[in-house]
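Examination of the molecular architecture
The primary structure of each chain is shown beneath.
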Amino acid sequence: GNYNIWGRYADAARIVEPVCQKLGTANVHPDFLTKNANLLAEAYIGLGQYVPAETLLKRTLSRLDANAKRAFPMFLLGNAYRGQGRFRETEETLKACIPLYEKQGISCASIFQSMATLYQVQGRFEEAEPLFDKSAQMFLVGLGEHPETARAYCHHGQMRFAQGKLKEAEQL
């Protein structure tokens with residue numbers, strides 16, 4: 001599982017692919033398969049293999065009823081869509097994740113950061129700005145001084161830099 005965290009996506013994919021081939025078999029617990037499918041989809045996304053990630057995530061989601069366990073695969077699916085330039089589907093999917101995450105009591109910081117990045121890529125800076133702020137604050141409150149918190153501020157600063165707002169970018 002930690003291979004994705006370390007950026008070793010190819011290693012993660014090699015290890016997890018055989019497990020995911022059993023998706024839907026009676027011998028393996030569905031939660032175990034879902035967790036491994038999520039890991040494999042993350043690896044595919046990290047490798048830029050968005051179509052296989054999308055296929056796997058849709059297959060995983062089709063096996064889950066309308067419960068909170070759909071939140072993370074949906075989040076990953078939104079990011080797979082973004083990687084393919086399918087921005088409308090990205091936005092719809094990420095927005096659909098918010099109530100699922102909130103229902104679980106999980107921070108929506110990653111969702112807001114992904115939505116902000118989506119808006120930034122589209123040049124929708126005024127919509128991205130408050131979401132970058134919101135995600136950074138959520139990471140700060142939830143994690144304190146942590147690499148995810150730093151990453152959130154970095155993304156926000158990069159957007160301001162791209163807009164030519166150098167002083168504001170420097171403050172972040």
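Residues numbered from 1 in each chain as written. Predicted model: local features only at pLDDT ≥ 70, side-chain atom pairs only at ≥ 80, totals over all residues. Heavy atoms only, no water.

Within the protein, the secondary structure is distributed over 10 helices and 0 strands. The secondary structure elements of the protein, listed N-terminal to C-terminal, are α-α-α-α-α-α-α-α-α-α. For the protein, the share of sequence-separated contacts (at least 6 apart) that also reach a separation of at least 24 residues comes to 48%. Of the roughly 9400 Å² that the protein leaves accessible, carbon and sulfur atoms contribute 54%. (Helix = DSSP H or I, 4+ residues; strand = E, 2+ residues; numbered from the N terminus. Contact = heavy atoms within 4.5 Å. Areas by Shrake-Rupley, 256 points an atom, 1.4 Å probe, with all protein chains shown as cover.)

Below, the discussion takes up the packing of aromatic side chains. Applying the stated criterion across every chain, the model contains 2 aromatic pairs. With a centroid separation of 6.1 Å and 25 degrees between ring planes, the pair formed by F72 and F75 is classed as stacked. Of this pair, F72 and F75 both sit in helix α5 (residues 71-83), 3 residues apart, which is roughly one turn of the helix. Relative accessible area serves as the criterion here: at 10%, F75 is assigned to the buried category. A centroid spacing of 6.5 Å and a plane angle of 65 degrees characterise the contact between F75 and Y101, whose relative ring orientation is edge-to-face. (Phe/Tyr/Trp six-rings, centres within 6.5 Å; stacked < 30°, edge-to-face > 60°. Buried < 20%, exposed > 50% of the residue type's maximum accessible area, 1.4 Å probe, protein only.)

A few words now on the confidence of the model for the protein. Mean pLDDT over the protein: 81, with 77% of residues reaching 70 or higher. By mean pLDDT, helix α1 (residues 2-5) is the weakest element of the protein at 44, and α5 is the strongest at 93. (pLDDT = per-residue confidence, 0-100.)

With 13 residues, α5 ought to run about 18 Å at 1.5 Å a step, and its terminal C-alpha atoms sit 19 Å apart, in line with that. Within α5, 10 of the 13 residues are buried, which leaves the element mostly enclosed by the surrounding structure. All buried positions along α5 are accounted for by A71, P73, M74, F75, L76, L77, G78, N79, A80 and Y81. Phi for G85, located one or two positions after α5, is positive at around 75 degrees. (Expected span 1.5 Å × (residues − 1).)

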